[in-house]
Amino acid sequence: MTRTGDEPELEASIRSIERAAGALATASVARMDDELVWFRDLPADQRAWVMLVAQAGVRSLVEWLRGRKAGVATQEVSDEVFDAAPRALARSINLQQTVQLIKTTIEVAEEQIGRLAAKGEEAQVREAVLIFSREVAFAAARVYARAAETRGAWDARLQTMLVDALLRGDSSDVLASRAAALGWADPSPVAVAVGRSTGGEASMVVHVVYRAARRIGVEILGGVHGDRLVVVLGAASDPLNATEKLLSGFGDGPVVVGPSVASLDEATESARAALAGFRAAAAWPAAPRPVSAADLLPERALAGDAEARRMLRQDVYGALVKAGGELLDTLDAFFAAGGVLEGAARALFVHPNTVRYRLRRVGEITGLAPLTPRDAFALRIALTIGRLDPTVTPATPL
């Protein structure tokens, strides 16, 4: 701000304020102690920081007034108010409380203007103090914005490291320590979702998902890995439904959700399933978005996922083996007949209702309904994998 030709020099007022700097700072802190309950509860070291900032504020006012008179920029001067302890204050005092401190200090300064300003300069000094208070308020906002940006970037890196540890299957101690640093309370259940990243700064990608998660009351941790976004969901009773409400944070393409587990310690299982599903999802173009990793078992198995092969072999084929040979024979006949009940019945020399009953039993045992095309595909893959594994032996007919 430049000085007009008829603007008073204010030099006498500036010298008076400079001499009273210590008294103004002390009076400001005393007023804070009287009027701000939260200030009285601060530890002694943090109260001392506030005193330093108050003293720096008065000194900065003096420098600002002189700079204003000389026509120099004011932002650099007002920013110096917080150089005494910016990080410490940003960690212990929030922005709203900082505004209260500034307001109190300015009120004390305004009350003293009549005593400190030279005769005839009261109005100019009062106006200058008000403008300076605005500059300091902007400086406070800049300090907290920088602190928030730094903290956000650090949190994003820490979350990425935690997700890396999760995918590697690191020990529970490593996961717990990194999660604790992020304030993660390990809400249950926990599930992992994987999709494409929207691109851009990783911290901003995660922040978009974080905001959406807050709206639905779900805790998340996230990390960007190459072109993938990996999100850990906590306290989501229905992770598939919760992920559907977070889709705005994912890029184009499939989004796969792993199974729910009890805690972060077990989340590696969910993460591996989600990643395997994400890699195999291209084989099912019509897959819903998001899709459960369990619904991608056939594609995962064909893509070489050992866990998917084990589940199909043990939980589907093995369960049918234990139930007796007639269910396997009925499935074979049903598939050979192209999914036609009557054709399968003729091949088995039974009534179509018998075939229908046996297929219903297959659905009850495996959770896969042979009359549904998608489930029929999974069943055929399970039968193929099971018969290729010599460790599974069909039951001997009685």
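Preceding this paragraph is the structure being described.
In this text, all values refer to a predicted model and were calculated from it rather than measured experimentally.

About the criteria used
Residues numbered from 1 in each chain as written. Predicted model: local features only at pLDDT ≥ 70, side-chain atom pairs only at ≥ 80, totals over all residues. Heavy atoms only, no water. Axes fitted to C-alpha atoms, helices over the stretch in contact; angles between N-to-C directions. Helix = DSSP H or I, 4+ residues; strand = E, 2+ residues; numbered from the N terminus. Parallel < 35°, antiparallel > 145°, perpendicular 65-115°, else oblique. Contact = heavy atoms within 4.5 Å. Nonpolar A, V, L, I, M, F, W, Y, C, P; charged D, E, K, R; others polar. Buried < 20%, exposed > 50% of the residue type's maximum accessible area, 1.4 Å probe, protein only. Arc of directions from axis to C-beta. Expected span 1.5 Å × (residues − 1). Core = buried A, V, L, I, M, F, W, Y, C linked by side-chain atoms within 4.5 Å. Pairing = 2+ DSSP bridges. 1 Å grid on protein atoms, 1.4 Å probe; cavity = no way out; pocket = protein on both sides within 12 Å on 5 of 7 lines; lining within 4 Å. Points joined across faces, edges and corners; volume = space filled by probe spheres on them. Patch = residues over 30% accessible without salt bridge, like charges linked within 9 Å, V, L, I, M, F, W, Y side chains within 5 Å. Areas by Shrake-Rupley, 256 points an atom, 1.4 Å probe, with all protein chains shown as cover. Salt bridge = Lys/Arg side-chain N within 4 Å of Asp/Glu carboxyl O. Lys, Arg positive; Asp, Glu negative; His and termini not counted. Charge placed at Lys NZ, Arg CZ, Asp CG, Glu CD.

(A) Up close: the packing of helix H15 (residues 306–323) against helix H19 (residues 373–388). For the pair H15 and H19, the least separation of the axes is 8 Å and the interaxial angle reads 90 degrees. Judged by the angle between their axes, H15 and H19 are roughly perpendicular. Contacts between H15 and H19 pair Arg 309, Leu 312, Arg 313, Val 316, Tyr 317 and Leu 320 from the former with Ala 378, Leu 379, Ile 381, Ala 382, Leu 383, Ile 385, Gly 386 and Arg 387 from the latter. Classifying every residue of the contact of H15 with H19 by side-chain character gives 10 nonpolar, 1 polar and 3 charged.

(B) A look at the side chain of Thr 243. One can find Thr 243 in helix H12 (residues 239–244). The contacts of Thr 243, once residues within four sequence positions are left out, are Ala 193, Leu 233, Phe 250, Val 255, Val 257 and Pro 290.

(C) Just helix H1 (residues 11–19), in detail. Taken together, the buried positions of H1 are occupied by Ser 13, Ile 14, Ser 16 and Ile 17. Buried positions in H1, seen along its axis, are confined to an arc of 160 degrees and lie on one side of it.

(D) Highlighting H19. When the terminal C-alpha atoms of H19 are compared, their 23 Å separation across 16 residues agrees well with the 22 Å that a helix rising 1.5 Å per residue should span. Residues of H19 that are buried include every one of Asp 375, Ala 376, Ala 378, Leu 379, Ile 381, Ala 382, Leu 383, Ile 385 and Gly 386, and no others. Those residues of H19 that are buried are in contact with helix H14 (297–302), H15, helix H16 (325–336) and helix H18 (352–366).

(E) Representation of the nonpolar core. Counting 28 residues, the largest nonpolar core has Leu 312, Leu 320, Leu 331, Phe 335, Leu 379 and Leu 383 as the members making the most contacts within it. For this core, the secondary structure elements donating two or more residues are H14, H15, H16, helix H17 (341–348), H18 and H19. No other element matches the 7 residues that H19 contributes to this core. The residues touching Leu 383, leaving out its near neighbours within four places in the chain, are Tyr 317, Leu 320, Leu 328, Leu 331, Asp 332 and Phe 335. Ile 17, Ala 109, Ala 117 and Ala 128 belong to the second-largest nonpolar core, a separate cluster that totals 24 residues.

(F) The sheet that holds strand S5 (residues 291–292), seen in detail. Taking strand neighbours across the sheet as the criterion, the 5 strands line up as S2-S3-S1-S4-S5 in an open arrangement whose pairing is mixed. In this open sheet, the two edge strands, each paired with only one partner strand, are strand S2 (219–225) and S5. Relative to strand S3 (residues 228–234), strand S1 (residues 190–196) runs antiparallel, the two sharing 7 bridges. Bridge pairing links Gly 195 to Leu 229 in S3. On top of the sheet, helix H11 (residues 202–215) reaches S2 and S3; it is set at about 155 degrees to S2, its chief contact.

(G) Spotlight on empty space enclosed by the protein. Applying the stated rule across the entire model yields 2 cavities of 30 Å³ or more. Counted as a void, the second largest cavity has a volume near 50 Å³. If you trace the second largest cavity, you find it lined by Ile 17, Leu 24, Leu 61, Ala 109, Ile 113, Leu 116, Ala 117, Val 125 and Val 129. Those elements that provide at least two residues to the lining of the second largest cavity are helix H8 (113–116) and helix H9 (122–168). Grouping the amino acids of the lining of the second largest cavity by side-chain chemistry returns 9 nonpolar, no polar and no charged.

(H) Fine view of a negative patch on the surface. Residues Asp 186, Asp 265, Glu 266 and Glu 269 make up a contiguous surface patch of negative charge. With respect to the helices and strands, Asp 186 occurs in the loop between helix H10 (172–181) and S1.

(I) View of unusual backbone geometry. Cis geometry marks the peptide bond from Ser 188 to Pro 189; its omega dihedral reads -5 degrees. Position of Pro 189 relative to the elements: it lies in the loop between H10 and S1. Residue Pro 290 follows Arg 289 across a cis peptide bond; omega there is 5 degrees. With respect to the secondary-structure elements, Pro 290 resides in the loop between helix H13 (267–280) and S5. A positive phi angle, near 65 degrees, is found at Ala 235, a position not held by glycine.

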